[in-house]
Amino acid sequence: MLVLNRLWQPVNICTARRAVGLLFLGHAQVVHADEEQNFFTHDVNSWLEFSEQFDSAHAEVVRSISRQFRVPYIIVLSMFDRLPRKEVKFTRQNVFQRDDYTCQYCGVRHDTRDLNLDHVVPRDKGGKTTWENVVCSCIRCNTRKANKMPMDANMFPMRKPAAPKWRPFFSAGDRQSTASQSFHESWRHFIDLKPASVKLC
Ligand SMILES: [Zn+2]
């Protein structure tokens, strides 16, 4: 299930069980798109009612003795912070993802194998290995900049590096998880389903 926060931004993917749990606790509502891509929200009662009208042959449903319950594809949280806010881990892959596999000096998109991490302020000049000081760089630019300060090399990152605001849950390098997730068509409205990309802020 795709989980949206109160601002309708995607924050996570969770299991159907967790989504249904949040729904029954009143912590989330179902987001449902009709054929014209209009989005409606349902609380648990209206979703139960709505589930009854479904032709169960065409939708995934959970059945109890007397009712059928359609498995939702998208839920929106009714409160902030119902899910633990996770900080994006500082890793090589996540920096690549934040910078969209684009060298921050020449602006060219590259394969992972042609990319490096560059310390904007070099380590030997006190630069830290943090989101704010590390950018994605192609090997050529990385070599050209070497251990010079941006001013001295006249090379400045295209975007001021910063920690991503939320968790990148699809990763191009992470084919396995992509394969095991089934994306529902209606998610398209909220996230970019191209393998490499989730917009980070
Ligand atoms: Zn470059």
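Residues numbered from 1 in each chain as written. Predicted model: local features only at pLDDT ≥ 70, side-chain atom pairs only at ≥ 80, totals over all residues.

On to the overall build of the protein chain. When you go through the protein chain residue by residue, the secondary structure sums to six helices and nine strands. Counted over contacts in the protein chain with a minimum sequence separation of 6, partners at least 24 positions apart contribute 59%. (Helix = DSSP H or I, 4+ residues; strand = E, 2+ residues; numbered from the N terminus. Contact = placed C-beta atoms within 7 Å.)

A word on unusual backbone geometry. It is generally the case that most residues other than glycine have a negative phi and that most peptide bonds are trans. The backbone of Ala146 sits at a positive phi, close to 45°, despite the residue not being glycine. Unusually for a residue other than glycine, Asn154 sits at a positive phi of about 55°. Summarising the element assignment, Asn154 is placed in the loop between helix H5 (150-153) and helix H6 (175-180).

This next bit is on the nonpolar core. A general feature of soluble globular proteins is that nonpolar side chains tend to end up buried together. Leu4, Leu23 and Ile75 are the most contacted members of the largest nonpolar core, which totals 18 residues. For this core, the secondary structure elements donating two or more residues are strand E1 (2-4), helix H1 (16-24), strand E3 (28-33) and strand E7 (74-77). Discounting residues that sit within four places of it in the chain, Leu23 has contacts with Ala28, Val30, Val44, Trp47 and Ile75. (Core = buried A, V, L, I, M, F, W, Y, C linked by C-beta atoms within 7 Å. Buried ≥ 20, exposed ≤ 12 C-beta atoms within 10 Å, placed from the backbone.)

The next thing to look at is the pairing of E3. Here four bridges tie E3 to E7, and the two strands are oriented antiparallel to one another. Each residue of the ladder has a partner; that of Ala28, found in E7, is Leu77. Both E3 and strand E4 (residues 39-42) contribute to a ladder of four bridges, which runs antiparallel. Across the sheet, the residue bridging to His32 is Phe40, located in E4. (Pairing = 2+ DSSP bridges.)

A few words now on the environment of Ser78. Along the chain, Ser78 turns up in the loop between E7 and helix H3 (92-98). Given 16 C-beta atoms within 10 Å, Ser78 falls into the partly exposed group. Through-space distance from the C-alpha of Ser78 to that of Leu4 is 9.4 Å; in sequence the pair is 74 residues apart. Here Ser78 is in contact with Gly26, His27, Ala28 and Gln29, once residues within four sequence places are set aside.

Attention shifts here to the environment of Phe24. Secondary-structure assignment places Phe24 in helix H1. Between the C-alpha atom of Phe24 and that of Asn45, which follows or precedes it by 21 residues, the distance is 9.0 Å.

Pairing in this open sheet of five strands is mixed, and the strands run E2-E1-E7-E3-E4 from one edge to the other. Looking at the sheet topology across the chains shown, the edges are occupied by strand E2 (10-13) and E4. Recorded for the sheet is a direction-independent mean angle of 30° between the axes of neighbouring strands. H1 contacts E3 and E7 of the sheet and is inclined by roughly 115° relative to E3. (Axes fitted to C-alpha atoms, helices over the stretch in contact; angles between N-to-C directions.)

Below, the discussion takes up the confidence of the model for the protein chain. For the protein chain, per-residue confidence averages 80 on the pLDDT scale, and residues scoring 70 or more make up 75% of the total. Counting contacts from residues 168-180, a segment whose pLDDT is below 50, to residues more than four positions away or on other chains yields 17 contacts. Contacts from residues 195-201, a stretch scored under 50 in pLDDT, to residues over four places away or in other chains number 18 contacts. (pLDDT = per-residue confidence, 0-100.)

What follows deals with the environment of Thr112. Summarising the element assignment, Thr112 is placed in the loop between H3 and strand E8 (115-119). Judged by local crowding, Thr112 falls into the exposed class, with 12 C-beta atoms found within 10 Å. Residues Thr112 and Cys136, spaced 24 residues apart in sequence, show a C-alpha to C-alpha distance of 9.8 Å.

Below, the discussion takes up H1. Among all positions of H1, only Ala19, Val20, Leu22 and Leu23 are buried. For H1, the angular spread of buried residues about the axis comes to 160°, placing them on one side. Away from the buried face of H1 by more than 90 degrees, exposed residues Arg17 and Phe24 are located. In the core, the buried residues of H1 are packed alongside E3, helix H2 (44-52) and E7. Positive phi shows up at Gly26, right after H1, with a value of about 80°. (Arc of directions from axis to C-beta.)

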